[in-house]
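Close look at the chain arrangement
Residues per chain, in single letters:
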Amino acid sequence: MDDDIPHLVTQLFVYNQDKGVIYLHGAQAGRAHDLVESGDQPCASFTTSEKGRCIPADEPVNFTVEYSSVVAYGTIDLLADKEEKRGVLEQFMEKFAPQLTEGEDYKRIAQESIDRTAVYRLDVKSWSGKEGWKDPDHPGAYSLDSTQ
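First, a word on what this report is: a plain description of the structure on this page. None of the values given here were measured: they were computed from a predicted structure. (Residues numbered from 1 in each chain as written. Predicted model: local features only at pLDDT ≥ 70, side-chain atom pairs only at ≥ 80, totals over all residues. Heavy atoms only, no water.)

**Details of the overall build of the protein**
The helix and strand tally for the protein stands at three helices and five strands. In the protein, the order of α-helices and β-strands from amino to carboxyl end is β-β-α-β-β-α-α-β. For the C-alpha atoms alone, the extent of the protein along its principal axes is close to 55 × 45 × 30 Å. The 148 residues of the protein split such that 25% are buried. Put simply, 75% of the contacts in the protein that link residues at least 6 apart link residues at least 24 apart. (Helix = DSSP H or I, 4+ residues; strand = E, 2+ residues; numbered from the N terminus. Buried < 20%, exposed > 50% of the residue type's maximum accessible area, 1.4 Å probe, protein only. Contact = heavy atoms within 4.5 Å.)

Structure (structure tokens):
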């Protein structure tokens, strides 16, 4: 919150189910960083969603889209420990580039990069989710080209 106004930021994330923690990363500057840095583990919320196929119906009012979504609530803080930050940034590489291998396809994350990157830890206190998916062979279901 920034003066009673929610501050929303779209970021990539990794989720550690064992710890119930969502990690995010970004620059060590800017409004989001300042809000987290100036608070004592301020409350925060997080949301993400996935869109599936379009599901047609006889009447437009009944058209729908497949989806999954989740909203999480908790407290957020900055990681200070350099090795913990490195571990989280390596989790990002594993999630978003699983086909690549450190040392073969890319260099190990430089300490300078870790030092200039803010890594946030959202400790999830509660969450809720919703989803709606159809069978893979659902009649008439179609995907939109994301470039349109």
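**A word on helix H2 (residues 82-96)**
With 15 residues, H2 ought to run about 21 Å at 1.5 Å a step, and its terminal C-alpha atoms sit 21 Å apart, in line with that. Three or more residues of H2 are buried, namely Lys-85, Arg-86, Val-88, Leu-89 and Phe-92. Down the axis, H2 shows its buried residues gathered within 165° of arc, on one side only. Among the exposed residues of H2, those oriented more than 90 degrees off its buried face are Glu-83 and Glu-94. Each element contacted by the buried residues of H2 is listed here: strand E1 (13-16), strand E2 (21-27), helix H3 (111-115) and strand E5 (117-132). The backbone nitrogen of Glu-83 lies 3.2 Å from a side-chain oxygen of the residue at the head of H2, namely Asp-81. (Expected span 1.5 Å × (residues − 1). Arc of directions from axis to C-beta. Polar contact = N/O pair within 3.5 Å; in protein donor to acceptor, adjacent residues only side chain to side chain.)

**Examining the packing of aromatic side chains**
According to the stated counting rule, one finds two aromatic pairs in the structure shown. A ring pair is formed by Phe-13 and Phe-46, whose centres lie 4.9 Å apart and whose planes are at 70°; its orientation type is edge-to-face. In this pair, Phe-13 is assigned in strand E1 and Phe-46 in strand E3 (residues 43-55), connecting sequence segments 33 residues apart. Ring geometry for Phe-92 and Phe-96: centres 6.2 Å apart, planes at 20°, overall stacked. With a gap of four residues between them, Phe-92 and Phe-96 both fall in helix H2, about one helical turn apart. Cation over ring: Lys-95 sits above Phe-13, and NZ or CZ is 3.8 Å from the ring centre. (Phe/Tyr/Trp six-rings, centres within 6.5 Å; stacked < 30°, edge-to-face > 60°. Lys NZ or Arg CZ within 6 Å of the ring centre and 35° of its normal.)

**Looking at the side chain of Lys-85**
Along the chain, Lys-85 turns up in helix H2. Buried charge Lys-85 goes without a salt bridge, the closest partner of opposite sign being Asp-115 at 5.6 Å. Excluding anything up to four places from it in sequence, Lys-85 contacts Gln-28, Leu-79, Ala-80, Ile-114, Asp-115, Thr-117 and Val-119. (Lys, Arg positive; Asp, Glu negative; His and termini not counted. Salt bridge = Lys/Arg side-chain N within 4 Å of Asp/Glu carboxyl O.)

**Some points on the sheet that holds strand E4 (residues 64-78)**
Taken in spatial order, the five strands make up an open sheet running E1-E2-E5-E4-E3, and their pairing is antiparallel. What marks the edges here is a single partner per strand, and that holds for E1 and E3. Pairs of neighbouring strands in the sheet enclose a mean axial angle of 30°, with direction left out of account. Relative to E5, E2 is paired through seven bridges, and the arrangement is antiparallel. When the sheet's bridge partners are listed, Val-21 is paired in E5 with Asp-123. Sheet strands touched by helix H1 (residues 31-38): E2, E4 and E5. Its angle to E4, the strand with the most contacts, is close to 45°. (Pairing = 2+ DSSP bridges. Axes fitted to C-alpha atoms, helices over the stretch in contact; angles between N-to-C directions.)

Note that all results are geometric; they support no functional claim without further evidence.
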